[in-house]
2 protein chains.
Amino acid sequence: MPVDPDRLQAVISAELAQRRAEVVTIDGRLAPLVDLLIGFVADGGKRLRPEFLWCGWTAAGGGDDPATTAAVYRVGAALELIQACALIHDDVIDRSDSRRGRPSTHRAVAKEHADAGLTGDAEHYGVSAAILLGDLALAWADDLVAEGALALDALDRALPVWRAMRTEVLAGQMLDLLVTASTTTDPAQQEADALRINRYKTAAYTVERPLQLGAALAGGAASTIAALRAYGTDVGIAFQLRDDLLGVYGDPAVTGKPAGDDLVEGKRTLLLATARAALTGQLLAELDAGIGTPGADVDRLAGIIAGSGAPDAMEQRISQLVASGLAALGGSDDSPLIGDGALARLTELARLATARRF
Amino acid sequence: MPVDPDRLQAVISAELAQRRAEVVTIDGRLAPLVDLLIGFVADGGKRLRPEFLWCGWTAAGGGDDPATTAAVYRVGAALELIQACALIHDDVIDRSDSRRGRPSTHRAVAKEHADAGLTGDAEHYGVSAAILLGDLALAWADDLVAEGALALDALDRALPVWRAMRTEVLAGQMLDLLVTASTTTDPAQQEADALRINRYKTAAYTVERPLQLGAALAGGAASTIAALRAYGTDVGIAFQLRDDLLGVYGDPAVTGKPAGDDLVEGKRTLLLATARAALTGQLLAELDAGIGTPGADVDRLAGIIAGSGAPDAMEQRISQLVASGLAALGGSDDSPLIGDGALARLTELARLATARRF
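Residues numbered from 1 in each chain as written. Chains lettered and ligands numbered in written order. Predicted model: local features only at pLDDT ≥ 70, side-chain atom pairs only at ≥ 80, totals over all residues. Heavy atoms only, no water.

Asker: What exactly am I supposed to notice about the overall build of chain A here?
Answerer: Scanning chain A from N- to C-terminus turns up 16 helices and 2 strands. The C-alpha atoms of chain A give a radius of gyration of 21 Å, which matches the 21 Å a tight globule of 358 residues would have. Dimensions of chain A, computed from C-alpha atoms along their principal axes, come out at roughly 65 × 60 × 30 Å. Within chain A, buried positions represent 58% of all 358 residues. Of the accessible surface of chain A, which amounts to about 13,100 Å², a share of 53% is contributed by carbon and sulfur atoms. (Helix = DSSP H or I, 4+ residues; strand = E, 2+ residues; numbered from the N terminus. Rg over C-alpha atoms; globule rule 2.2 N^0.38 Å. Buried < 20%, exposed > 50% of the residue type's maximum accessible area, 1.4 Å probe, protein only. Areas by Shrake-Rupley, 256 points an atom, 1.4 Å probe, with all protein chains shown as cover.)

Asker: Where do I start with the environment of Arg100 of chain A in this structure?
Answerer: All names here are of chain A. Structurally, Arg100 is set in the loop between strand 1 (98-99) and strand 2 (102-103). Arg100 gets classed as partly exposed once you look at its relative accessible area, which sits at 26%. Each C-alpha atom of the pair Arg100 and Val254 lies 8.8 Å from the other, and the pair is 154 residues apart in sequence. Ignoring any residue separated from it by four or fewer positions in sequence, one finds Arg100 in contact with Phe40, Asp43, Gly44, Gly45, Leu87 and Gly256. A distance of 2.9 Å separates the side chain of Arg100 from the backbone oxygen of Phe40, its partner in a polar contact. (Contact = heavy atoms within 4.5 Å. Polar contact = N/O pair within 3.5 Å; in protein donor to acceptor, adjacent residues only side chain to side chain.)

Asker: What is the right way to read the pattern of salt bridges from this model?
Answerer: Two side chains with opposite charge may pair up if their charged atoms get near one another. All names here are of chain B. Within this structure, the stated rule accounts for 56 salt bridges over all chains. Between Arg19 and Glu15 there is a salt bridge, with its nearest N and O atoms 2.6 Å apart. You can see Arg19 and its partner Glu15 sitting in helix 1 (residues 5-26), 4 residues apart, about one turn around the helix. Across this residue pair, the class does not change: Arg19 and Glu15 are buried. (Salt bridge = Lys/Arg side-chain N within 4 Å of Asp/Glu carboxyl O.)

Asker: Can you help me understand the packing of helix 2 (residues 31-43) of chain A against helix 5 (residues 105-115) of chain A in this one?
Answerer: Any two packed helices are characterised by the angle at which their axes cross and by the distance between the axes. Residues and elements named next belong to chain A. Packing of helix 2 against helix 5 brings their axes to within 11 Å, and their N-to-C directions diverge by 150°. As judged from the angle between their axes, helix 2 and helix 5 are roughly antiparallel. Judged by the sense of rotation from one axis to the other, the crossing of helix 2 with helix 5 is right-handed. Two secondary-structure elements touch here, helix 2 through Pro32, Leu33, Leu36 and Phe40 and helix 5 through Thr105, Ala108, Val109 and Glu112. Taken together, the residues of the contact of helix 2 with helix 5 break down into 6 nonpolar, 1 polar and 1 charged. (Axes fitted to C-alpha atoms, helices over the stretch in contact; angles between N-to-C directions. Parallel < 35°, antiparallel > 145°, perpendicular 65-115°, else oblique. Left-handed = near helix turned anticlockwise from the far one by under 90°. Nonpolar A, V, L, I, M, F, W, Y, C, P; charged D, E, K, R; others polar.)

Asker: Could you clarify how one ought to interpret the interface of chain A and chain B in this entry?
Answerer: Reports of interface size often rely on the accessible area that becomes lost once the parts have come together. Taken residue by residue, the interface counts 60 residues in chain A and 60 residues in chain B. The contact between chain A and chain B buries some 5,600 Å² in all, and 69% of this surface belongs to carbon and sulfur atoms. Remark: the boundary between chain A and chain B carries 10 salt bridges. For the salt bridge of Arg29 of chain A with Asp193 of chain B, the shortest nitrogen-to-oxygen distance reads 2.6 Å. Taken together, the links from chain A to chain B amount to 21 residue pairs in polar contact (both at pLDDT 80 or more). (Buried area = accessible area lost by both parts, 1.4 Å probe.)

Asker: In this structure, what is going on with the relation of the copies chain A and chain B? I would like to understand it.
Answerer: One copy of the chain maps onto the other through a rotation about an axis plus a displacement along that axis. For these two chains of identical sequence, chain A goes onto chain B by a turn of 180° and a shift of 0.0 Å along the axis, with RMSD 0.0 Å. Expressed as a symmetry operation, the mapping of one chain copy onto the other fits a two-fold axis. Interface residue correspondence from chain A to chain B reaches 100%, placing this contact among same-surface, isologous pairings. (Least-squares fit on C-alpha atoms with pLDDT ≥ 70 in both.)

Asker: I tried to follow unusual backbone geometry on my own but got confused; where do I start?
Answerer: Peptide bonds are, in most cases, trans, and in most cases residues other than glycine have a negative phi. Despite not being glycine, Arg95 of chain A shows a phi value in the positive range, around 50°. Tracing the backbone through its elements, the reader meets Arg95 of chain A in the loop between helix 4 (66-94) and strand 1.

Asker: For this particular structure, what's the right way to read the side chain of Arg19 of chain A?
Answerer: Accessibility expressed as a relative area gives 1% for Arg19 of chain A, which makes it buried. Filtering out sequence-adjacent residues up to four positions away, Arg19 of chain A remains in contact with Trp140 of chain A together with Arg163 of chain B.

Asker: Even after reading the chapter, I still don't get the packing of aromatic side chains, so can you show me in this structure?
Answerer: For any pair of aromatic rings, the description rests on two quantities: the centre-to-centre distance and the angle between the ring planes. All names here are of chain A. The tally for this structure, following the rule as stated, stands at 4 aromatic pairs over all chains. A centroid spacing of 5.3 Å and a plane angle of 55° characterise the contact between Trp54 and Tyr73, whose relative ring orientation is tilted. On the criterion of sequence distance, the pair formed by Trp54 in helix 3 (residues 48-59) and Tyr73 in helix 4 is long-range, its members being 19 residues apart. Here Tyr73 falls in the buried class, since its relative accessible area comes to 5%. It is Arg7 that lies over the ring of Tyr73; its NZ or CZ is 4.3 Å from the centre. (Phe/Tyr/Trp six-rings, centres within 6.5 Å; stacked < 30°, edge-to-face > 60°. Lys NZ or Arg CZ within 6 Å of the ring centre and 35° of its normal.)

Asker: Explain the nonpolar core here, please?
Answerer: Membership of the largest hydrophobic core comes to 145 residues, with the highest contact counts inside it found for Leu37 and Leu217 of chain A together with Leu37 and Leu217 of chain B. Those residues in contact with Leu217 of chain A, other than ones at most four positions away along the chain, are Leu53, Trp57, Val75, Ala149, Leu152, Ala154, Arg157 and Ala158 of chain A. (Core = buried A, V, L, I, M, F, W, Y, C linked by side-chain atoms within 4.5 Å.)

Asker: What is the right way to read the environment of Gln9 of chain A from this model?
Answerer: Residue and element names in this part refer to chain A. On the secondary structure map, Gln9 appears in helix 1 (residues 5-26). Considered as a pair, Gln9 and Ala77 are 68 residues apart in the sequence and their alpha carbons are 8.1 Å apart. Other than its neighbours up to four places away in sequence, Gln9 contacts Ala42 and Arg47. A polar atom in the side chain of Gln9 sits 2.6 Å from the side chain of Arg47.

Asker: Would you take a moment to explain helix 2 of chain A for this structure?
Answerer: Owing to its 3.6 residues per turn, the α-helix aligns residues three or four sequence positions apart on the same side. Spanning 13 residues, helix 2 of chain A covers 18 Å between terminal C-alpha atoms, matching the ideal 18 Å at 1.5 Å per step. Those residues of helix 2 of chain A that sit buried are Ala31, Leu33, Val34, Leu37, Phe40 and Val41 of chain A. Its buried side turned inward, helix 2 of chain A meets helix 1, helix 4, strand 1, helix 5 and helix 6 (122-151) of chain A together with helix 7 (155-181) of chain B. Phi for Gly44 of chain A, located one or two positions after helix 2 of chain A, is positive at around 80°. (Expected span 1.5 Å × (residues − 1).)

Asker: Before we go on, may I ask you to explain the packing of helix 2 of chain A against helix 4 of chain A in this structure?
Answerer: Residue and element names in this part refer to chain A. As a packed pair, helix 2 and helix 4 sit with axes 10 Å apart at the nearest point and diverge in direction by 110°. Taken together, the axis directions place helix 2 and helix 4 in an arrangement best described as roughly perpendicular. You can see that helix 2 and helix 4 cross each other, and the crossing is right-handed. Within the contact between the two elements, helix 2 uses Leu37, Phe40 and Val41 and helix 4 uses Glu80, Leu81, Ala84, Leu87 and Ile88. Among the residues making up the contact of helix 2 with helix 4, the classes are represented as 7 nonpolar, no polar and 1 charged.

Asker: Help me out: how do you make sense of the state of the cysteines in this one?
Answerer: Here, the word disulfide means a covalent bond between the sulfur atoms of two cysteines. The final tally for this structure, using the stated rule, is 0 disulfides over all chains. The thiol of Cys85 of chain A is unpaired, and the distance to the nearest cysteine sulfur, on Cys85 of chain B, comes to 9.2 Å. (Disulfide = S-S within 2.5 Å.)

Asker: Mind showing me how you'd approach helix 8 (residues 187-218) of chain B here?
Answerer: Residues and elements named next belong to chain B. Spanning 32 residues, helix 8 covers 43 Å between terminal C-alpha atoms, matching the ideal 46 Å at 1.5 Å per step. Where helix 8 bends most, at Ala204, the angle is about 65°. Among the 32 residues that make up helix 8, 23 are buried, leaving the element largely enclosed by the rest of the structure. Immediately downstream of helix 8, the backbone of Gly219 shows phi near 70°, a positive value. (Bend = angle between axes of the 7 residues up to and from the residue.)

Asker: Even after reading the chapter, I still don't get the confidence of the model for chain A, so can you show me in this structure?
Answerer: Parts of the prediction with low pLDDT should not have their coordinates interpreted in detail. In this model, chain A carries a mean pLDDT of 93, and residues with pLDDT of at least 70 account for 98%. Interface confidence in the predicted complex, given as ipTM, is 0.95; pTM for the same model is 0.95. (pLDDT = per-residue confidence, 0-100.)

Asker: Is there a simple way to explain the side chain of Ser128 of chain A in this structure?
Answerer: Residue position: Ser128 of chain A is located in helix 6. The buried category is assigned to Ser128 of chain A, whose relative accessible area is 1%. Filtering out sequence-adjacent residues up to four positions away, Ser128 of chain A remains in contact with Ile93 and Leu177 of chain B.

Encoded structure:
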């Protein structure tokens, strides 16, 4: 049984309407800023984290009583809010102009600054407001998790997972920053770094921990939780490897980002590290000169990477990771770890999250 | 009975050492960044928020059993962590180079970038890391509040206060940003804006809500909580008015900031709004031309403000606010709202927080 997207959106909308009212009580002039955050969360993307949360809940035997599941949906809304914080702050850090086919938050605020005829540096104003809006989203996410888990009398089980998840994603982002600024050109180090960043910045945060959090809310057995986490790590890394491929070869109409955006940003992906490991001489030099260079010929760079065989290697790795992730859910036929319904949905989600055009 | 500063520092140190270990497990290269955050929190400032938290706890009848008060100290540590987030992000927003007499966090990270020979824009690297370190501090603060309140079985009482406090301080910061960028020169509007920013960005966050949070943890009576909040609003605003005076006339050795820093930053204080309301003609024009202008003659600007009578008006207002705040704690002699010990400490703190050289 998948998450009900309308119900999730209704929970998000109701929660944010209440928060908006609190802010507007403080000062009505803040409404346009909060509305940017609300629009960002409503716009929403794929709701992958609530999906995995819900899978964890059902896999661990959480029921479908509406009163109980209301609390699970509130935690699902929290995952969308913390994701909003991560993306809004990430866009500032990456100096990204667009997100999901629209201006990124700091850009949108900078435009409002100019339109409203305010004084000072519009760009810095946009960055400043984006920092604070991300903070708001993070704080509100925490409130929702605490309230949801408290309603389920599961706070002592949920808190350690929630804490680990936030520390991991922030540490993963810091590591990304550090690695992007490092001068190492050693392919083995680059591969190890890219995999580690994938693991913490994406896999744990997107799949493993949301699954574990859902199972913790339901009071799942340790063996079930271990299986979900193993699945989550593998499928989560595969999800990021697909995202890396889309960042170079994806259709902008699907990704919501300009073609080859990752190349221009100089993102240190496993795809790039694998290509660098396979290349030598002139092609390697040309690739290195172009990566992270505004105005570089991204088609040419994408072609060099394709010629290295790295995309094929990534496709293979994605298939292997999906297979090993699904295998981890197995248990024996006599004592299955995960019920049929949740198993079917986890199988479906593994394919959706790593599909070529998702 | 005041907060025991050594015990508070021990709780902060133990907590952050555990968090540091979690981050270093993810990647050891992150240690220097986390250590910057730990150093920032350890360096600490005045621990005003834990002081008021503790006053709220004792005023509402919270006991001094070490096992119970350990949880209160954890919440006190959380207040120091959320303050670290607020200051680190504020320094990015205000582009402040220094804090407490040392380089601000984004500046310190930018220096590490240069020292370590990393690639890319050192300044943007510093800002990026500071955003993420502030996020970490915010997330860890939330964890500590949830854990502390859970241990006291007081989460349902504490959560609404904690939520309101975070929304208020972030809304106050956004309002500050908005007002600083506005083009209004109407003194009445400027006075109203400055007071509202004081209320939410400082008074509620520094005094009122910490007091209320401590009382909520102790399960205090509604009448006690109402009295503490009334005291907190008045004393909190007075505290900010003192801070505004120190921002113009304070000794850099005491404030840890360059002399007249608020004038260079163009901070929209009640002091400035009051001066503008009293001035006309050439002096007003000279003041307006200098405020927020790098390289302006801050001694001259401070002299113009002094000549307007605004500092004297602020001194009067501070005295009145401290008096009305203390009066709110009174109750009748037959049924005092606050016990003698807490009352004495609240009286002392009101004077300390608004003293000329604190």
